[in-house]
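Okay, here's what each chain looks like letter by letter:
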Amino acid sequence: MERAIDVAQCIFTEYQKISGKVIDEMKLHKLLYLSQRESLAITQKPMFADEFEGWKYGPVCREVRNCYTEDGMFADDIKELSNENHYIAKNVTLQYGAYESWKLSELSHKEISWINSRKGIPEGKNGNRVLKLEDIRKDAEKVRPYDSIWDMYYDEFDNAEDV
């Protein structure tokens, strides 16, 4: 199993390769959450054990929050992801990385896991309740993993020259 900090660094690096920009922290947390959700949808296993809290703008992983800098994750021993998890994190970055952070925040507010973590917390206030893994599994049920892959290849196919 991976660590959230290593997945976050992978997303950070992939986003920079794709966009030429440094990912902002809010977008990083949302892409990290989506990577966990996609892993559950594709492999039926969590990508990492670190948890998310239901903050007012969506899921936040405290371990990553404590290590985020504009130069990458500030941690001593960043490790490479397995090929499978790197593939999932990269595809999440390709699929959702172009969205503005606020749009990803809005998307995360539709997730059962985030909604349940916010019960009883006034709107606009941060919370620190953990998103339950079983709720993230429910969110993963709506994911159709092959659509993401098809969309990526469809764009390439659509732009290919006639032979």
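Note: the structure precedes this text.
Counting from 1, residues in each chain are numbered in the order their sequence is written. Thresholds applied to this predicted model are a pLDDT of at least 70 for local features of residues and 80 or more for the giving and counting of side-chain atom pairs; totals over whole chains, interfaces and linings are not thresholded and use all residues. With hydrogens and water stripped out, all remaining heavy atoms of the structure feed into the side-chain values.

Participant: Help me understand helix α7 (residues 133-140) in this model?
Facilitator: Owing to its 3.6 residues per turn, the α-helix aligns residues three or four sequence positions apart on the same side. Note on classification: 1.4 Å probe, protein chains only; a residue is buried when its accessible area is under 20% of the maximum for its type, exposed when over 50%, partly exposed between these limits. The helix and strand labels rest on DSSP assignments: H or I over at least four residues marks a helix, E over at least two residues marks a strand, and numbering proceeds from the N terminus. Along α7, the residues classified as buried are Asp135, Ile136, Asp139 and Ala140. One side of α7 carries all its buried residues, which in axial view fall inside an arc of 150°. Contacts: residue pairs with any heavy atoms within 4.5 Å of one another. Buried residues belonging to α7 abut α2 (25-43) and α6 (112-117). Throughout, the arc means that of the directions going from the helix axis to the C-beta atoms.

Participant: Could you clarify how one ought to interpret the pattern of salt bridges in this entry?
Facilitator: Two side chains that carry opposite charge are able to pair once their charged atoms sit near each other. A carboxyl oxygen of Asp or Glu within 4 Å of a side-chain nitrogen of Lys or Arg is what we treat as a salt bridge. This model, assessed by the stated rule, comprises ten salt bridges. For Arg62, the salt bridge identified is with Glu53, shortest N-O distance 2.9 Å. Owing to a relative accessible area of 37%, Arg62 belongs among the partly exposed residues under this scheme. For Glu53, a relative accessible area of 13% translates into the label buried. One salt bridge in this structure joins Asp77 and Lys79, with 3.1 Å as the shortest N-O distance. Judged by its relative accessible area of 44%, Lys79 falls in the partly exposed class. Within this structure, Arg3, Asp6, Asp77 and Lys79 form a network of salt bridges that share partners.

Participant: Looking at this model, I keep getting lost on the environment of Asn126. Mind explaining?
Facilitator: Among the secondary structure elements, Asn126 is positioned in the loop between α6 and α7. Separated by 71 residues in the primary sequence, Asn126 and Trp55 have C-alpha atoms spaced 4.6 Å apart. Leaving out residues up to four positions away in the same chain, Asn126 has contacts with Trp55, Lys56, Arg118 and Ile121. Here a polar contact means two N or O atoms within 3.5 Å. Within protein one must be a hydrogen donor candidate and the other an acceptor candidate, and residues neighboring in sequence count only if both atoms are side-chain atoms. A polar contact of 3.1 Å, which involves the side chain of Asn126, links it to the backbone nitrogen of Lys56.

Participant: What should I look at first to understand the side chain of Gln36 in this one?
Facilitator: Note that Gln36 resides in helix α2. Within the local environment of Gln36, its side chain forms a polar contact with the backbone oxygen of Phe48, the two atoms lying 2.8 Å apart. Once residues lying within four places of it in the same chain are set aside, the contact partners of Gln36 are Pro46, Met47, Phe48, Asp50 and Phe52.

Participant: Hey, could you run me through the environment of Leu107 in this one?
Facilitator: With respect to the secondary-structure elements, Leu107 resides in helix α5 (residues 101-108). In this structure the C-alpha to C-alpha distance between Leu107 and Gly58, which are 49 residues apart in sequence, comes to 8.7 Å.

Participant: I keep staring at the packing of aromatic side chains and nothing clicks. Help me out?
Facilitator: Two numbers describe a pair of aromatic rings. These are the distance of the centres and the angle of the planes. When the centres of two rings from Phe, Tyr and Trp lie within 6.5 Å, Trp using its six-membered ring, the rings pair. Their planes under 30 degrees apart give stacked, over 60 give edge-to-face, and anything left gives tilted. The full count for this structure, using the stated rule, is five aromatic pairs. Plain terms: the ring middles of Phe12 and Tyr68 are 6.5 Å apart, the flat faces sit at 65° to each other, and that makes the pair edge-to-face. Residue Phe12 is found in helix α1 (residues 4-19), and its partner Tyr68 is found in strand β3 (residues 68-69); the two are separated by 56 residues along the sequence. Exposure class is identical for Phe12 and Tyr68. Each is buried. Their ring planes at 80° and their centres at 5.7 Å tell us that Tyr33 and Phe52 sit as a pair that is edge-to-face. Within this pair, whereas Tyr33 is found in helix α2, its partner Phe52 is found in the loop between α2 and β1 (53-55), the two being separated by 19 residues in sequence. By relative accessible area, which is 1% here, Tyr33 ends up buried. In textbook terms, an aromatic cluster arises when at least three aromatic residues are bridged by ring pairs, as seen for Tyr33, Phe48 and Phe52.

None of this, on its own, says anything about what the molecule does.
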